[in-house]
Amino acid sequence: MSANSMIKELKSFKNFEEAANDILQIMSKFIDINTLFIARNDQRINEIVNVFNKDEVLLEQGDTLPFGETFCKLSVDHGRESLFIPDLHKNELTAALNVTKNLGGGCFIGIPIYYGNGENYGTICGLDKKPIELSQEHIEMFETMASLLTYVLDLDYANKQIQNLSAPFVPITNGVAILPVIGLMNEERVEHIIYSALTKSKELSLQYLIIDLSGIIQIDAIVTSSLLRIASILKLVGVTPILTGIRPDLALKAIEYHNNLQGITVEASLERALNRIGFSVEKSELNENRTAI
């Protein structure tokens, strides 16, 4: 089975951890090695973050060792190609290591995983208590999966940045803030926004939170219901929510999905929302291009 065929078998995943677990399980079907694992290091400690043991438990998630005493350190030092040691007792790099003595011999294969900026994240590795031989295709699988995990690391980081940037809190004055919601909505993002809204409302001691929905690209029944739930939850903690920027198509979908806005303050624009709570927007006399609130 080729590495490309393995990639086709991968399911969709939400983050790096899910992708790592899937990759190890799929690789275990095609490589006859007892333990496959992914380790993360900070140049001091090496931690097992994902592991798959076929028969005997050689490693467990959360296991740690000083980085300098591990096979993973040898793999990182080896560079961007796979380091394959078919017999740990016969290799000068590993024969004297305590991990080799504790394991009782065996074999190891590892290749580094990098962040997009070239910084090392850790390694993806295989380990067994008996010496084995791996084919060139198996070694290429490790290299392909290391590249894939590097890509997933970047996607995971970018997604977290988007989560933060797509719902930024903008404090206006004491007790008042604006939450512009931007982009494509899904259940995960809605839950993130709910958590952020509650956390920031408490941190800023908000009385009013203006939630602007004009930047939403697409919406469905679950998301519509969840967005309205944000407003309801805010009311329960003493914050008055004001929804703005509800386009006609969003309003029609809210009705279509049997969600009504009864009991929730809705204004057509941000300016009208500010007016409602006692603010006015005027052009400054010093510079008519500046706006004073």
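In this text, all values refer to a predicted model and were calculated from it rather than measured experimentally.

A. Seen up close, helix H3 (residues 71-78). Regarding H3, the residues found buried are Phe71, Cys72, Leu74, Ser75 and Val76. The secondary structure elements touched by the buried residues of H3 are strand S1 (35-41), strand S2 (45-53), strand S4 (83-85), helix H4 (98-103), strand S5 (107-114) and strand S6 (120-128). A positive backbone phi angle near 105 degrees is found at Gly79, which sits one or two residues after H3.

B. Structural detail: the side chain of Asn120. Relative to the assigned elements, Asn120 resides in strand S6. A polar contact of 2.9 Å, which involves the side chain of Asn120, links it to the side chain of Asn41. A distance of 3.1 Å separates the side chain of Asn120 from the backbone oxygen of Gly122, its partner in a polar contact. Setting aside residues up to four positions removed in sequence, Asn120 forms contacts with Asn41, Gln43, Val76, Pro112, Ile113, Tyr114 and Tyr115.

C. Summary view of the pattern of salt bridges. All told, the structure shown has 9 salt bridges when counted by the stated rule. Between Asp42 and Arg44 there is a salt bridge, and its shortest N-O distance comes to 3.0 Å. When the shortest N-O distance is used, the salt bridge between Asp87 and Lys90 registers 4.0 Å. A relative accessible area of 72% places Lys90 in the exposed class.

D. The nonpolar core, seen in detail. In terms of nonpolar packing, the biggest core is built from 28 residues, with Met27, Ile38, Ile124, Phe142 and Leu149 touching the most fellow members. Elements that contribute at least two residues to this core include exactly helix H2 (16-28), S1, S5, S6 and helix H5 (136-165). It is H5 that contributes the most residues to this core, 9 residues altogether. Once residues within four sequence positions are removed from consideration, Ile38 is found in contact with Ala20, Leu24, Glu47, Ile48, Val49, Asn50, Ile113, Tyr121, Thr123, Ile124 and Leu149. Core analysis: the next-biggest nonpolar cluster, separate from the first, contains 22 residues, Ala197, Leu227, Ala231 and Leu243 among them.

E. Layout of the layout of surface pockets. Roughly 390 Å³ of internal volume is contained in the largest pocket. Lining the largest pocket are 18 residues, and of these Leu58, Leu59, Leu65, Val99 and Leu127 sit closest to its centre. Sorting the residues of the lining of the largest pocket by element identifies S2, strand S3 (64-66), H3 and H4 as the ones contributing at least two each. Sorting elements by how many residues they give to the lining of the largest pocket places H4 first, with 4 residues. Along the lines of polarity and charge, the residues of the lining of the largest pocket split into 11 nonpolar, 5 polar and 2 charged.

F. A look at the environment of Pro112. Along the chain, Pro112 falls in strand S5. Here Pro112 falls in the buried class, since its relative accessible area comes to 3%. Taking the C-alpha atoms as reference points, Pro112 and Val76, 36 residues apart in sequence, are found 5.4 Å from one another. For Pro112, the contacting residues outside a window of four places in its chain are Ser75, Val76, Gly79, Glu81, Asn120, Gly122, Thr123 and Ala146.

What counts, and at which threshold
- Residues numbered from 1 in each chain as written.
- Predicted model: local features only at pLDDT ≥ 70, side-chain atom pairs only at ≥ 80, totals over all residues.
- Heavy atoms only, no water.
- Buried < 20%, exposed > 50% of the residue type's maximum accessible area, 1.4 Å probe, protein only.
- Helix = DSSP H or I, 4+ residues; strand = E, 2+ residues; numbered from the N terminus.
- Contact = heavy atoms within 4.5 Å.
- Polar contact = N/O pair within 3.5 Å; in protein donor to acceptor, adjacent residues only side chain to side chain.
- Salt bridge = Lys/Arg side-chain N within 4 Å of Asp/Glu carboxyl O.
- Core = buried A, V, L, I, M, F, W, Y, C linked by side-chain atoms within 4.5 Å.
- 1 Å grid on protein atoms, 1.4 Å probe; cavity = no way out; pocket = protein on both sides within 12 Å on 5 of 7 lines; lining within 4 Å.
- Points joined across faces, edges and corners; volume = space filled by probe spheres on them.
- Nonpolar A, V, L, I, M, F, W, Y, C, P; charged D, E, K, R; others polar.

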